[in-house]
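Fold and contact review
Chain by chain, the residues:
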Amino acid sequence: EHPWSIAEKRRIRDCQQADIKYLSGWKQWKRTSSKSLKKVLSEVKELSSYLELWRHDIHSIEGKFGTGIQSYFSFLRFLVLLTFVIFILMFSFLTLPSIIAKYGIFNSSFAESPPKNTELHCTVYTPSGNQGLVYFYTYLKDLLSGTGFLEMTSLFYGYYTIDAAWFSILRYNLPLAYLLATFAYLALSLLWIIKRSVEGFKQNLVHHEDQFQSYCNKVFAGWDFCITDPNAARLKHRSLQYELQTDLEEERLKRKIADRTMKEKLRIYSLRIFINIIVIAVLSGCFYSIYRATVFSQENSNDVGNKNFQANLFVQYLPSVVITLANFIAPQIFSFLITFEDYSPAFEIRLTLMRCVFVRLANIGVLLFSLWSQISHCTTDKCKACGYNYELYPCWESEVGREMYKLMIFDFIIILAVTLFVDFPRKLLVTHCSCKPVQWCGLQEFGISDNVLEIIYGQTICWIGTFFSPLLPAIATIKYFIIFYIKKISLIHTRKPAARPIRASSSNFFFLVVLLIGLVLAFVPLGISIAHIPSSKACGPFRSFNTSWAVVPATVLGFPTGLQQVLHAIASEAFAVPFFMVICLIMVYLIALAGAHKRVVEQLREQLALESRDKLFLIRKITEAQR
Amino acid sequence: MGGSASLLPREALGEYQELTFLSKQEILLAYKRFSELLPKEERENACSVRVPKSQILKLPELRANPFQHRICHVFSTSDNGDDSMSFEDFLDMLSVFSDSAILEVKSHYAFRIFDFDDDGILDRKDLEKLVNCLTGQGEDSQLSNAEMEQLIQNILEESDIDKDGTINLSEFQLVVSRSPDFASSFKIVL
């Protein structure tokens, strides 16, 4: 393909057509078949573009607000698809077989054998479903906190108390399927995110400069050609001017920093250490309050005597409330503190973002940790025999699932509430009231990083919670679907565009990197739950096993001996150590290769500069000689 | 609506699909939008009529674009220099700006658009005009002389490999191929 106009291409094509008579039959056939293949592929691509969700909405947002904000909405669309696929996976491999087996459709049956080798007291589980006459608000409370009638539905782990299901003659190993489905959705998420981030990764690796783009990128790729709205164009002009001026100033600042004296450097570094200590103190404060709130909530919600509806609900939701408050307050404190640390503006933004990401994701970790400390808190011998606190948590996986469910519901309610009760009134106030402080406050900016962190926080909860509550992805999909429309309406009606320009490419890469961090962080609690903590003996598919992971060795023992030996060999040290060494060698080779290529590029650049000087010299000599 | 009289003939559609990066829907939409720019009488033979520049600039996609005049100039194949565009010029433009166009084609045309004096290289004057287009046309929205000097110095440092003070096509294409935002910003979709 070359940059020719249509008329030129037509001429070239006609020449080619004329030549085609002179080619052999084979070449003719090759050419026509490649043409028809191209046509078929383009038809398929056209059809698939019809299936793209929200194509028109995102296109109009791009036209009005530029590619930076559009990248947020594309990211949201990606998450909708991801959670939907996870839901289909979990539903078809876990929920559907369980429902079919439990209701005996298609000649199916299931086996629920009591676990052997365990104490009887561990296996007692009486879910407190609602019996008799109940008040209406009990249903509401159950819906919001996942107790009562929701407890024994397929929403939670406790429903899947099936050891094996039979469909006619086929035996379906549900415990194994549960574990493998969990690994499958984690692997699928990982691969899909990596595939999407490969493009941005290449660019950001190749660019050794600051992540916030060099001058050429800002000037040559600065203007979004898809902007259609004159207002947006005016704002874009202003933000480009602002960005260029800020970068030039930052460069001048860097030169100034390089000229700093030793005394100033010492002062700055000690100030930074002090502020980092304050940051750590803030974080510890958040973590401690989450821990106390979780412990308090667990202790008091198990107190059945408390019949007061609102108080009970509040106690149930206390951890979620504390986490949301921490997620709101901590970033404000961080952006206030960073102004004292005297970094360059680009680095300031990055550091604040990293701290906010850490706060949000670590909060979930602390919640889970405090839950586990409650669950594994064992004083009596009977309790130690089960491995977990069987009195309070006969089915502890359902309890964890319930906490994740509450977090997700609360997160959704908060997003709705903030849009309805903060954004719209603020917009009404700003348009109708013209007093000074209100106008100075003005409208809220559409802060992309805050919104993205919110979404990623929700997605991390979904990943962790899906093991304990297989239908959670469905709730997440519906939640993201509704959030798309809420954010779109909020953006169009109540927000003013950001003064600071956002670049689509670095945004995309940043979103995916943080999402990946969330996923990796989700591996940790799941790994500990599956492999370390004893599974509950009173409910769930892993009753007859020590831990949830134990189902895999048990299945491997059922394989033929040859296969078993192969699998044992792969998992042994004799294989792992040489494998690791080979991988290290390959990595060293590739790094050396990259270094060599860089040197060659440098040499070629110098050569080019030299040749250009020679050329100018020769031209001068020729003009002199001609005189 | 024009009705069946303003449909593109099928062979032409297939030909345009082959010769541009656009899909069938995009070509049909382009035809519809192009005929809307013409007065009613001329819509029958939209394929062979030239639309004056003032009409083209009324399109919302070009209306807010600071490079509108350069775009019309680069893509117009008009002989008398009035920058009027035929339907094929219009399709050419949309093809280069489409999602499926390859980077080399986009960077080639971007170079021509940014080359304000049409001399085949980007020198300091071109870069200055380019930056002024980006920041807006008001007095207070332009960079000061010192800032402009600093900026152009930085740009040349990053992209001028043979150090002759100008950017030629190969240098431009090299620097744009490493720019992560170019493909997503150099895009017009109807």
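Remember, predicted model here, so these are calculated numbers, not experimental data.

**Observations regarding the overall build of chain A**
Helix and strand counts for chain A stand at 20 helices and five strands. Seen along its three principal axes, the alpha-carbon backbone of chain A occupies a region of about 110 × 80 × 55 Å. When burial is assessed residue by residue, chain A has 44% of its 627 residues classed as buried. Contacts in chain A between residues at least 24 apart in sequence constitute 77% of all its contacts with a sequence separation of at least 6. Of the accessible surface of chain A, which amounts to about 34,300 Å², a share of 67% is contributed by carbon and sulfur atoms. If the 64 positive side-chain charges of chain A are averaged to one point and the 47 negative ones to another, these points end up 5 Å apart.

**Some points on the sheet that holds strand β3 (residues 170–172) of chain A**
Residues and elements named next belong to chain A. Read across the sheet, three strands follow the order β1-β2-β3 without closing on themselves; strand pairing throughout is antiparallel. Edge positions in the sheet fall to β1 (108–111) and β3, since each has one partner strand and no second. Averaged over all pairs of adjacent strands, the angle between their axes in this sheet comes to 25°, without regard to strand direction. Of the strands in this sheet, β1, β2 (164–167) and β3 are in contact with helix α4 (residues 67–103), which crosses β1 at around 100°.

**Overview of the interface of chain A and chain B**
Taken together, the contact pairs 58 residues of chain A with 68 residues of chain B. When chain A packs against chain B, the two sides together hide about 5,400 Å² of surface, and 57% of this comes from carbon and sulfur. When the buried area of chain A at its contact with chain B is split by residue, A:Ile6, A:Phe220 and A:Phe225 rank highest and sum to 17% of it. Where chain A touches chain B, the interface holds four salt bridges. Here B:Glu15 and A:Arg13 are joined by a salt bridge, their closest N and O atoms 3.1 Å apart. In this structure, the connection of chain A to chain B is made through 19 residue pairs in polar contact (both at pLDDT 80 or more).

**Here we look at the side chain of B:Arg70**
Residue and element names in this part refer to chain B. Tracing the backbone through its elements, the reader meets Arg-70 in helix α5 (residues 68–75). Its relative accessible area of 9% is what places Arg-70 among the buried residues. Setting aside its immediate chain neighbours within four residues, Arg-70 contacts Arg-112, Ile-113, Asp-115, Phe-116 and Asp-118.

**Structural notes on the state of the cysteines**
Residues and elements named next belong to chain A. For the structure shown, the criterion picks out one disulfide over all chains. Each disulfide pairs two cysteine sulfurs, and for Cys-395 the partner residue is Cys-539, the sulfurs being separated by 1.8 Å. Taking the sign of the torsion about the S-S bond as the criterion, the disulfide between Cys-395 and Cys-539, at about 95°, is right-handed. Note that Cys-395 is positioned in the loop between α12 (381–386) and α13 (396–432) and Cys-539 in the loop between α17 (504–531) and α18 (551–557), a separation of 144 residues in sequence. There is no split in this pair, since Cys-395 and Cys-539 are both buried.

**Examining the environment of B:Ser141**
Mapped onto the fold, B:Ser141 is located in the loop between α8 (124–135) and α9 (145–159). Here B:Ser141 falls in the buried class, since its relative accessible area comes to 12%. Those residues within four positions of B:Ser141 in sequence are excluded, and the remaining contacts are A:Gln241, B:Thr135 and B:Gly136.

**Some remarks on the side chain of B:Glu61**
Residues and elements named next belong to chain B. Structurally, the position occupied by Glu-61 is in helix α4 (residues 60–63). Under the relative-accessibility criterion, Glu-61 is labelled buried at 9%. At 3.1 Å, the side chain of Glu-61 forms a polar contact with the side chain of Arg-33.

**Brief notes about the packing of α13(A) against helix α16 (residues 472–494) of chain A**
All names here are of chain A. Interaxial distance between α13 and α16 falls to 11 Å at its minimum, and their mutual angle equals 10°. Here α13 lies roughly parallel to α16, going by the angle between them. Contact residues: Met-404, Tyr-405, Met-408, Asp-411, Phe-412, Ile-415, Leu-416, Thr-419, Asp-423, Phe-424 and Lys-427 in α13; Leu-472, Ile-475, Ala-476, Lys-479, Ile-482, Ile-483, Ile-486, Lys-487, Ile-489, Ser-490, His-493 and Thr-494 in α16. Its residues placed into classes, the contact of α13 with α16 shows 14 nonpolar, four polar and five charged.

**Here we look at a nonpolar patch on the surface**
Residue and element names in this part refer to chain A. Together, Phe-559, Leu-563, Val-566, Leu-567, Ile-570, Phe-575, Phe-579 and Ile-583 give the surface a local cluster of nonpolar side chains, amounting to about 690 Å² of exposed area. Elements that contribute at least two residues to the nonpolar patch include exactly α19 (561–571) and α20 (573–626). The greatest single-element share of the nonpolar patch, amounting to four residues, is contributed by α19. Considering the arrangement of structural elements, one finds Leu-567 in helix α19. Judged by relative accessible area, Leu-567 falls into the partly exposed class, the value being 34%.

**Structural notes on the pattern of salt bridges**
One pass over the structure, following the stated rule, counts 23 salt bridges over all chains. Across the pair B:Glu18 and A:Arg13 runs a salt bridge, and its minimum N-O distance is 3.7 Å. Linking B:Glu18 in helix α1 (residues 10–19) with A:Arg13 in helix α1 (residues 6–19), this pair reaches from one chain into another. Residue A:Arg13 is classed as buried on the basis of its relative accessible area, which comes to 16%. For A:Lys218, the salt bridge is made with A:Asp247, and the minimal N-O distance between the two is 2.2 Å. Residue A:Lys218 is located in helix α7 (residues 215–220), and its partner A:Asp247 is located in helix α8 (residues 230–258); the two are separated by 29 residues in the primary sequence. Both residues of the pair, A:Lys218 and A:Asp247, belong to the buried class.

**A closer look at the environment of A:Leu593**
Note that A:Leu593 resides in helix α20. Residues A:Leu593 and A:Ile227 lie 366 residues apart in sequence; the distance between their C-alpha atoms is 43 Å.

**Side note on empty space enclosed by the protein**
Residues and elements named next belong to chain B. This structure, assessed with the given rule, holds four cavities of 30 Å³ or more. Estimates place the volume of the second largest cavity at around 40 Å³. Mapped by element, the contributors of at least two residues to the lining of the second largest cavity are α6 (87–96) and α7 (103–114). With three residues, α6 is the largest single contributor of residues to the lining of the second largest cavity. A breakdown of the residues in the lining of the second largest cavity according to their chemical character gives six nonpolar, two polar and two charged.

**Details of the nonpolar core**
If you look at the biggest cluster of nonpolar residues, it comprises 116 residues, and the most contacted ones within it are A:Phe73, A:Phe75, A:Tyr185, A:Trp396, A:Trp463 and A:Phe467. Take this core: its biggest share by element is 14 residues, from α4(A). Every residue in contact with A:Trp463, bar those within four places of it in the chain, is listed here: A:Leu82, A:Ile86, A:Tyr185, A:Ser189, A:Ile193, A:Leu515, A:Gly518, A:Leu519, A:Ala522 and A:Leu526. Counting residues in hydrophobic clusters, the runner-up holds 75 residues, among them A:Phe225, A:Leu244, B:Leu59 and B:Ile113.

**Quick word on a positive patch on the surface**
Where like charges cluster on the molecular surface, the positive patch consists of A:Lys27, A:Lys30, A:Arg31, A:Lys35, A:Lys38 and A:Lys39. Note on placement: A:Lys35 falls in helix α2 (residues 25–51).

**Structural notes on the packing of aromatic side chains**
Residue and element names in this part refer to chain A. With the rule as written, the count across this model stands at 44 aromatic pairs over all chains. Note on Trp-54 and Phe-481: the rings are 5.2 Å apart at their centroids and 40° apart in plane angle, and the pair reads as tilted. Remark: Phe-481 occurs in helix α16 and Trp-54 occurs in the loop between α2 and α3 (55–65); sequence separation between them is 427 residues. Trp-54 gets classed as buried once you look at its relative accessible area, which sits at 7%.

Basis of the calculations
- Residues numbered from 1 in each chain as written.
- Chains lettered and ligands numbered in written order.
- Predicted model: local features only at pLDDT ≥ 70, side-chain atom pairs only at ≥ 80, totals over all residues.
- Heavy atoms only, no water.
- Helix = DSSP H or I, 4+ residues; strand = E, 2+ residues; numbered from the N terminus.
- Buried < 20%, exposed > 50% of the residue type's maximum accessible area, 1.4 Å probe, protein only.
- Contact = heavy atoms within 4.5 Å.
- Areas by Shrake-Rupley, 256 points an atom, 1.4 Å probe, with all protein chains shown as cover.
- Lys, Arg positive; Asp, Glu negative; His and termini not counted.
- Charge placed at Lys NZ, Arg CZ, Asp CG, Glu CD.
- Pairing = 2+ DSSP bridges.
- Axes fitted to C-alpha atoms, helices over the stretch in contact; angles between N-to-C directions.
- Buried area = accessible area lost by both parts, 1.4 Å probe.
- Salt bridge = Lys/Arg side-chain N within 4 Å of Asp/Glu carboxyl O.
- Polar contact = N/O pair within 3.5 Å; in protein donor to acceptor, adjacent residues only side chain to side chain.
- Disulfide = S-S within 2.5 Å.
- Parallel < 35°, antiparallel > 145°, perpendicular 65-115°, else oblique.
- Nonpolar A, V, L, I, M, F, W, Y, C, P; charged D, E, K, R; others polar.
- Patch = residues over 30% accessible without salt bridge, like charges linked within 9 Å, V, L, I, M, F, W, Y side chains within 5 Å.
- 1 Å grid on protein atoms, 1.4 Å probe; cavity = no way out; pocket = protein on both sides within 12 Å on 5 of 7 lines; lining within 4 Å.
- Points joined across faces, edges and corners; volume = space filled by probe spheres on them.
- Core = buried A, V, L, I, M, F, W, Y, C linked by side-chain atoms within 4.5 Å.
- Phe/Tyr/Trp six-rings, centres within 6.5 Å; stacked < 30°, edge-to-face > 60°.

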